[in-house]
Amino acid sequence: MSEVSVPLWLAIAGAALAAWALLEHLLMPALRWMVTHPANQVIDDISHRLRIGIRPFQRTRRQALIHRLLTDPKVQQAAEQYAASHRIPVNSVLKTVERYAREIIPAFNAYLYFRIGYWLGRAIARALYRVRLGYLDAEGIAGIDPGATVVVVMNHRSNMDYVLAGFMAADQAALSYAVGEWARIWPLSALIRAMGAYFVRRNSKDELYRRVLERYIAMATEAGVPQAVFPEGGLSRDGRMREPRLGVLDYMLRGWRADGERDLVFVPVGINYDRVLEDRTLLAVDQQGRVGAAWGTLRFLAHNLGLVVRSEWHRFGYACVNFGAPISMRAYSRDRGVDFHRLSGEERRQAMGFLGRELMQAVGRVVPVVPVALMATVFAQSPERAFSELELKAEVAPLLRRLEAAGAHVYVPRGDLDYALTVGLRMLRLRRMVLETDGLFRTAMGELPLLRYYANSIAHLL
């Protein structure tokens with residue numbers, strides 16, 4: 001038997017080609033099957049119980065969606081205009097557009113969303129809070145056309161909002177969130193994409209980026225993808241609801257026609273907590289800067305870890321979610337004689353501003369009144385006064401009358417108002433926001449901004 005000598009470089013090249021063939025034709029197809037097969041099984045399992053089914057757009061491969069966005073006529077036109085105005089070759093601009101598309105577009109995986117994501121969301125939410133569904137407009141929700149594009153519109157109190165709303169709405173639809181740049185850190189970004197979220201540069205002034213984002217949101221809306229948005233754009237720094245930022249809502253309406261195949265339905269959702277995880281951090285950003293806020297976050301984590309080790313940790317009170325009356329854009333447009341598809345310029349800005357205010361008012365009406373917010377309001381209104389427990393509960397009575405007159409939804413644990421007020425007071429005392437001396441309770445003046453933060457969560461209802 002004779003031996004054949006092969007040059008080292010040729011042997012290395014042959015081994016590399018063999019490895020590539022093994023990866024491309026065996027390992028990658030196997031990996032794709034392992035990822036997509038469980039997802040397809042989950043889709044088959046849950047399709048009969050979801051109120052709003054998983055749309056074909058959500059099941060489309062990410063690469064196909066990227067290609068569809070790149071070849072969209074309006075994106076192509078925006079790229080050509082950008083190239084001409086900046087004197088850049090169109091091919092270079094299209095590469096930038098592709099980078100933006102890859103950054104924005106999610107890679108929805110039903111298995112991760114409904115099996116892993118739902119389980120994690122439920123476990124985290126229930127570990128931290130006593131989670132409650134306070135109010136649900138069951139008749140209005142049941143009346144939504146299953147073929148409509150549903151958009152959940154929420155107030156933004158905490159980053160827990162993403163977890164809580166997704167968990168509470170999981171039997172209705174697979175929500176696609178607009179997520180800020182904070183979540184673009186690997187490997188968190190891959191998980192969030194698999195959960196169906198799309199990334200948004202909230203303060204970008206890049207006109208080309210905004211056109212690509214606009215077209216993706218318009219395409220998803222036209223395809224009926226259920227979405228969830230926070231019109232406030234960011235977390236409330238003082239506890240009050242912020243003025244709406246209308247960019248994402250405007251993009252949705254650009255992908256919807258009143259005479260089209262689908263209705264566009266906004267569902268107002270209000271969320272409130274007895275304790276917001278980031279409360280001190282949010283207040284500290286303005287007072288101490290981001291470094292001080294980050295240090296405060298680390299102290300918070302260390303403190304709670306110490307409580308866990310000593311078996312002294314308790315959940316952070318109640319987290320309550322309310323679902324209000326859906327707002328059909330077909331009915332809205334018909335009743336007001338407005339066709340958003342035809343509006344432009346100042347006329348469109350005015351119509352969007354009016355719609356944004358109506359949506360935020362609808363959200364504000366269903367923000368739950370939780371025990372801590374109620375008790376914090378009493379102390380914030382009279383920070384110098386000392387109250388007995390009986391006097392505190394007497395002070396709550398006129399507040400409840402005003403809230404009832406405003407149509408507010410007060411969450412009363414166990415249906416026992418006395419218990420609710422006791423729970424709210426106990427939370428304030430545990431956090432040393434309220435001090436007790438000889439049976440009298442008074443505001444800890446150093447914690448007055450924090451008390452006002454919680455009181456502000458329901459101030460718009462009073």
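Residues numbered from 1 in each chain as written. Predicted model: local features only at pLDDT ≥ 70, side-chain atom pairs only at ≥ 80, totals over all residues. Heavy atoms only, no water.

It is worth spelling out the overall build of the protein chain at this point. When helices and strands are counted, the protein chain shows 18 helices and ten strands. Counting only residues that meet the buried cut, the protein chain has 47% of its 462 residues in that class. Total accessible area on the protein chain stands at roughly 23700 Å², and carbon and sulfur atoms take up 56% of it. (Helix = DSSP H or I, 4+ residues; strand = E, 2+ residues; numbered from the N terminus. Buried < 20%, exposed > 50% of the residue type's maximum accessible area, 1.4 Å probe, protein only. Areas by Shrake-Rupley, 256 points an atom, 1.4 Å probe, with all protein chains shown as cover.)

So, about the environment of valine 321. Mapped onto the elements of the fold, valine 321 is located in strand β7 (residues 318-323). Separated by 47 residues in the primary sequence, valine 321 and proline 368 place their C-alpha atoms 6.8 Å from one another. Beyond its immediate chain neighbours, meaning those up to four positions away, valine 321 contacts Arg132, Leu133, Gly134, Tyr135, Leu164, Met168, Val269, Gly270, Ile271 and Pro368. (Contact = heavy atoms within 4.5 Å.)

Our next topic: the side chain of aspartate 161. Take aspartate 161: it is sitting in helix α8 (residues 160-168). There is no salt bridge for the buried aspartate 161, and the closest opposite charge comes from arginine 157, which lies 7.0 Å off by N-O distance. Discounting residues that sit within four places of it in the chain, aspartate 161 has contacts with Asn155, His156, Tyr177, Phe230, Ile271 and Tyr273. (Lys, Arg positive; Asp, Glu negative; His and termini not counted. Salt bridge = Lys/Arg side-chain N within 4 Å of Asp/Glu carboxyl O.)

With that settled, the discussion passes to the confidence of the model for the protein chain. In the predicted model, the protein chain carries a mean pLDDT of 83, and the fraction of residues at 70 or more is 82%. Counting interchain partners and residues more than four positions distant, the pLDDT-below-50 stretch residues 30-35 has three contacts. (pLDDT = per-residue confidence, 0-100.)

For the rest of this paragraph, the subject is the packing of helix α10 (residues 207-222) against helix α11 (residues 247-254). Closest axis-to-axis distance for the α10/α11 pair is 7 Å, and the angle between their directions is 55°. Relative to α11, α10 is oriented oblique. With respect to the hand of their crossing, α10 and α11 are arranged in right-handed fashion. Here Arg210, Arg211, Leu213, Glu214, Ile217, Ala218 and Thr221 of α10 lie close against α11, whose contacting residues are Val248, Tyr251, Met252 and Arg254. (Axes fitted to C-alpha atoms, helices over the stretch in contact; angles between N-to-C directions. Parallel < 35°, antiparallel > 145°, perpendicular 65-115°, else oblique. Left-handed = near helix turned anticlockwise from the far one by under 90°.)

A pair can form between side chains of opposite charge whenever their charged atoms are brought close. Within this structure, the stated rule accounts for 20 salt bridges. We note a salt bridge from arginine 349 to glutamate 346, for which the minimum N-O separation is 3.2 Å. Residue arginine 349 and its partner glutamate 346 are both found in helix α14 (residues 345-365); the two are separated by three residues, about one turn of the helix. Given the relative accessible area of 55%, arginine 349 is considered exposed. With its nearest N and O atoms 3.4 Å apart, the salt bridge here joins lysine 393 to glutamate 389. Of this pair, lysine 393 and glutamate 389 both sit in helix α16 (residues 389-405), four residues apart, roughly one helical turn.

A few words on a positive patch on the surface. Together, Arg132, Arg315, Arg414 and Arg426 line one region of the surface with positive charge. Mapping arginine 426 onto the fold places it in helix α17 (residues 417-430). (Patch = residues over 30% accessible without salt bridge, like charges linked within 9 Å, V, L, I, M, F, W, Y side chains within 5 Å. Charge placed at Lys NZ, Arg CZ, Asp CG, Glu CD.)

When the terminal C-alpha atoms of helix α4 (residues 73-86) are compared, their 20 Å separation across 14 residues agrees well with the 20 Å that a helix rising 1.5 Å per residue should span. The set of residues buried in α4 consists of Val75, Ala78, Ala79 and Ala83. Seen end-on, α4 carries its buried residues on one side only, within an arc spanning 135°. In α4, those exposed residues whose orientation departs by more than 90 degrees from the buried face are Pro73, Gln81, Ala84 and Ser85. Contacts made by the buried residues of α4 are with α3 (62-70), α5 (90-104) and α10. If you check the start of α4, you find a side-chain oxygen 3.0 Å away from the backbone N of lysine 74, and it comes from aspartate 72. (Expected span 1.5 Å × (residues − 1). Arc of directions from axis to C-beta. Polar contact = N/O pair within 3.5 Å; in protein donor to acceptor, adjacent residues only side chain to side chain.)

Here we come to α16. Compared with an ideal rise of 1.5 Å per residue, which puts 17 residues at 24 Å, α16 spans 25 Å between its outermost C-alpha atoms and is within 8% of the ideal. For α16, every residue scored as buried is listed here: Leu392, Val396, Leu399, Leu400 and Leu403. Residues of α16 that are buried make contact with α15 (371-381), α17 and β10 (440-443). One or two positions beyond α16, positive phi appears at glycine 407, with a value near 75°.

The phi angle at arginine 87 is positive, at roughly 55°, despite the residue not being glycine. Located in the positive-phi region is aspartate 438, a residue other than glycine, with phi close to 50°. One can find aspartate 438 in the loop between β9 (434-437) and β10.

Okay, the packing of α11 against α14 next. At a minimum axis distance of 11 Å, the contact between α11 and α14 shows a crossing angle of 115°. With respect to their mutual orientation, α11 and α14 come out roughly perpendicular. Crossing angle aside, the handedness with which α11 passes α14 is right-handed. Along the contact surface, α11 presents Leu249, Asp250, Leu253 and Arg254, while α14 presents Arg348, Met352, Leu355 and Leu359. Residues that form the contact of α11 with α14 fall into these classes: five nonpolar, no polar and three charged. (Nonpolar A, V, L, I, M, F, W, Y, C, P; charged D, E, K, R; others polar.)

Next up on the list: the nonpolar core. With 80 residues, the main nonpolar core has Met154, Tyr177 and Phe379 as its most contacted residues. Among the elements that make up this core, the one with the highest residue count is α15 (eight residues). Tyrosine 177 has contacts with Met154, Asp161, Tyr162, Ala165, Gly166, Gly196, Ala197, Tyr198, Ala228 and Phe230, leaving out every residue within four places of it along the chain. Counting 50 residues, the second-largest nonpolar core is a separate cluster that includes Leu65, Tyr198, Ala220 and Leu264. (Core = buried A, V, L, I, M, F, W, Y, C linked by side-chain atoms within 4.5 Å.)

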